[in-house]
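What follows is each chain in one-letter form.
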Amino acid sequence: NIHDLVSLIDKDGKFTYVNQQYTKALGYAPAELIGNSPLELVHPDDLNFMLNRIEEQKAKMLFNSVDIYSLRHKNGNYLTFENKSTMYRNISGESLMVVVARDITVEIESRRAILNSEAEMRLLMDGIPIMIAHLSTDLDVLFANRAFCKFFLNSEEYKYILNLKRIIKDSFIDLIVNSKESALA
């Protein structure tokens, strides 16, 4: 039970084989795709990239590549796939491409949602008049809101890759660390 889309593409760029996952993932029966170009399914924004990639593979005989692009579902929606393609020559010497594609639409949407959530949180924290900073274990400032920057850096610019030890005195750091250790003890 493979969940990936698997296909063979001939030297003319036409499907010669597609597995049943194309029906499950994209709504097309294998018979609807055999003899057609996979480029017909590629999102218009990704088409030039794919055309260039194919030419690169032919010119350099690039045997393996991994790409991310969107394919059109039969219902008109687009899904994002991670595509691994391998070129080889069959017994007759003809160039063929084996393509294995995995639907990563949910992963991409999840990442986008996380980034949006982080951006909203940063915006919210930036408006709070209390100093807020996120520090690494080496006391590198990973995030600092406007109040923190204004107090320690005398600036409203974000300073992301600074070391807190360079900003304030080591004794203050020791005070913070000792207070934390005392609270945990």
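One can find the structure itself at the top, above this paragraph.
Residues numbered from 1 in each chain as written. Predicted model: local features only at pLDDT ≥ 70, side-chain atom pairs only at ≥ 80, totals over all residues. Heavy atoms only, no water.

Caption draft 1: Fine view of the environment of M131. By the secondary structure assignment, M131 is in the loop between α4 (105-126) and β6 (133-135). In this structure, the C-alpha to C-alpha distance between M131 and N145, residues 14 residues apart in sequence, is 6.6 Å. (Helix = DSSP H or I, 4+ residues; strand = E, 2+ residues; numbered from the N terminus.)

Caption draft 2: Region of the structure containing the sheet that holds strand β3 (residues 64-72). A sheet is described by the order of its strands in space; here five strands give the open sequence β2-β1-β5-β4-β3, paired in antiparallel fashion. Edge positions in the open sheet fall to β2 (15-18) and β3, since each of these has one partner strand only. Going from strand to strand, the sheet's axes swing by 25 degrees on average, the running direction of each strand aside. Here strand β1 (residues 5-9) runs beside strand β5 (residues 95-103); their pairing, made up of five bridges, is antiparallel. The residue of β5 that forms the bridge with S7 is V99. (Pairing = 2+ DSSP bridges. Axes fitted to C-alpha atoms, helices over the stretch in contact; angles between N-to-C directions.)

Caption draft 3: Spotlight on the pattern of salt bridges. According to the stated counting rule, one finds six salt bridges in the structure shown. Between R102 and E107 there is a salt bridge, with the nearest N and O atoms lying 2.7 Å from each other. Judged by relative accessible area, which is 32%, R102 ranks as partly exposed. For E107, a relative accessible area of 34% corresponds to the partly exposed category. The shortest N-O distance in the salt bridge between D126 and R146 comes to 3.1 Å. Highlighted residues: D126 in helix α4 and R146 in helix α5 (residues 146-153), separated in sequence by 20 residues. (Salt bridge = Lys/Arg side-chain N within 4 Å of Asp/Glu carboxyl O. Buried < 20%, exposed > 50% of the residue type's maximum accessible area, 1.4 Å probe, protein only.)

Caption draft 4: Here's a closer look at the environment of Y28. With respect to the element layout, Y28 can be found in the loop between α1 (21-26) and α2 (30-33). Using a relative accessible area of 9% as the deciding quantity, one classes Y28 as buried. For Y28 and V18, which are 10 residues apart along the polypeptide, the C-alpha to C-alpha distance reads 9.9 Å. Not counting chain neighbours up to four residues away, the residues in contact with Y28 comprise Y22, T23, L33, L41, R72, H73 and K74. (Contact = heavy atoms within 4.5 Å.)

What is shown is where atoms sit, not what they do.
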